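# Breakdown of the fold
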Amino acid sequence: MGGIVNAVMSAKDPGFGFRGWSRNTYVLRGGDGRDGAITFASGHWYPDAPLAGAFFDVHGRNFNDNALLEHCFLGCPAYQRSLANGGALRYLLFDGPKDIQVTAAFWDDGDRVIASDNWDTQLANGVDLITAELMEDHDVALAAFQADYDLSEEQSAFVQSVFKRKLARPADYFELSRDEAAWLESTFEDPKIRYDQLDKLGFKGPDTDGNSNSPKWWHSIDTAAEAQKAMKQCREQFAEMGIDFPEKEAL
């Protein structure tokens, strides 16, 4: 559901990139100092597959980096550790190929997930980033995403519709209708309008001096190019989940 929410919001604004799928890894960017990634052996279409997740919270514990990394994966089976090494941990690199930042991790143990620490410690060190994803009640989860992303009622209804279709056949590809694709395109928000509204609230761009007659940097934004970028990002995010929709030319 989180990936679908993010794809829908990307059609509105290509700047959205808080959560979504990259092949068989679910990637989360909190935008508040928290990041995480969960790698599944067989991707989103096989929820019972082996998995390994790793998280970083800039406000969390701060052991020696390598010591903390090994502590977080203490007791992790070799296969799940290989999933983390080849997947999740690659999304927690910061200043170089060896600068992996981790404050929490977990992996599957049959039909449950376990970790080297208790869950209070896990949640306090970045795992709370997936609170909505862990909610069993899908309606409650959608309400949490709606509040977090400020989804409109129409966007929420669309997310719920697509999620139900995907949940019914997770391993299959399916295509959104032309009307749905057109609706997604219609949700794009002109960034010039957004920045003008922010300007009225006191936001000043990097090359303005507070003078009301100064040129506004966002007036040079190519709206058509941004709209194309938004739909490209939206399409790519849906494709990662096995959901396609017609190109604009086919509408």
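Residue numbers here run from 1 along each chain, matching the order of that chain's written sequence. With the structure being a predicted model, the display of local features is reserved for residues of pLDDT at least 70 and the display and counting of side-chain atom pairs for 80 or more, all residues being used for whole-chain, interface and lining totals. Calculation of side-chain values draws on the structure's entire complement of heavy atoms; hydrogens and water are dropped beforehand.

### Focus: the overall build of the protein chain
- Strands here mean DSSP runs of E at least two residues long; helices mean DSSP runs of H or I at least four residues long; both are numbered from the N terminus. Counting its secondary structure elements, the protein chain contains 9 helices and 8 strands.
- Contacts are assigned to residue pairs that have any heavy atoms within 4.5 Å of one another. Looking at the protein chain alone, contacts between residues at least 24 apart form 61% of all its contacts between residues at least 6 apart.
- Counting every atom, the protein chain has about 13400 Å² of accessible surface; 51% of that belongs to carbon and sulfur. Every accessible area reported is derived by Shrake-Rupley at a probe size of 1.4 Å, with residue values counting cover from the shown protein chains alone.

### Comments concerning the environment of Gly 36
- For Gly 36, the location among the structural elements is in strand 3 (residues 34-40).
- Here the alpha-carbon distance between Gly 36 and Val 102, two residues 66 residues apart in the chain, equals 8.8 Å.

### Side note on the pairing of strand 1 (residues 19-22)
- Pairing between strands is defined by DSSP: at least two bridges between them are needed. Here strand 1 runs beside strand 2 (residues 25-29); their pairing, made up of 4 bridges, is antiparallel. Across the sheet, the residue bridging to Ser 22 is Thr 25, located in strand 2.
- Once strand 1 ends, the chain turns through 2 residues before running back antiparallel as strand 2, passing Arg 23 with a positive phi of about 55 degrees.

### Focus on unusual backbone geometry
- A positive phi is found at Arg 23, a non-glycine position, where the angle reads about 55 degrees.
- Looking at the element boundaries, Arg 23 is found in the loop between strand 1 and strand 2.
- Of note in the backbone geometry, Asp 150 takes a positive phi value of approximately 60 degrees without being a glycine.
- Among the structural elements, Asp 150 can be located in the loop between helix 5 (138-149) and helix 6 (153-168).

### Focus: helix 3 (residues 78-86)
- Of the residues making up helix 3, those classed as buried are Gln 80, Arg 81, Leu 83 and Ala 84. Projected down its long axis, helix 3 shows its buried positions confined to an angular sector of 155 degrees, all on one face.
- Buried residues along helix 3 sit in contact with strand 3, strand 4 (51-57), helix 2 (65-72) and strand 5 (104-109). The cut-offs for exposure are 20% and 50% of the maximum accessible area for each residue type, with area from a 1.4 Å probe on protein chains only; residues under the lower value are buried, those over the upper are exposed, and the others partly exposed. Directions drawn from the helix axis to the C-beta atoms are what define this arc.

### What to know about the pattern of salt bridges
- Every case where a carboxyl oxygen of Asp or Glu lies within 4 Å of a side-chain nitrogen of Lys or Arg is listed as a salt bridge. Enumeration over the complete set of coordinates arrives at 11 salt bridges.
- The network of salt bridges with common partners includes Arg 19, Glu 133 and Asp 148.

### A closer look at the environment of Ala 7
- Within the secondary structure, Ala 7 sits in helix 1 (residues 2-12).
- Remark: the alpha-carbon pair of Ala 7 and Ala 230, spanning 223 residues in sequence, is separated by 9.5 Å.

### A few points about the sheet that holds strand 6 (residues 112-114)
- The antiparallel open sheet is built from 6 strands, whose spatial order is 1-2-3-4-5-6. Each end of this open sheet is capped by a strand with a single partner; those strands are strand 1 and strand 6. Here the average twist between neighbouring strands, direction ignored, is 20 degrees.
- Helix axes use the C-alpha atoms of the stretch in contact, all axes being lines fitted to C-alpha atoms, and the angles between their N-to-C directions lie in the range 0 to 180 degrees. Against the sheet, helix 1 makes contact with strand 1 and strand 2, and its axis sits at roughly 105 degrees relative to strand 1, the strand it touches most.
- On the sheet, helix 3 packs against strand 3, strand 4 and strand 5 and is oriented at approximately 50 degrees with respect to strand 4.

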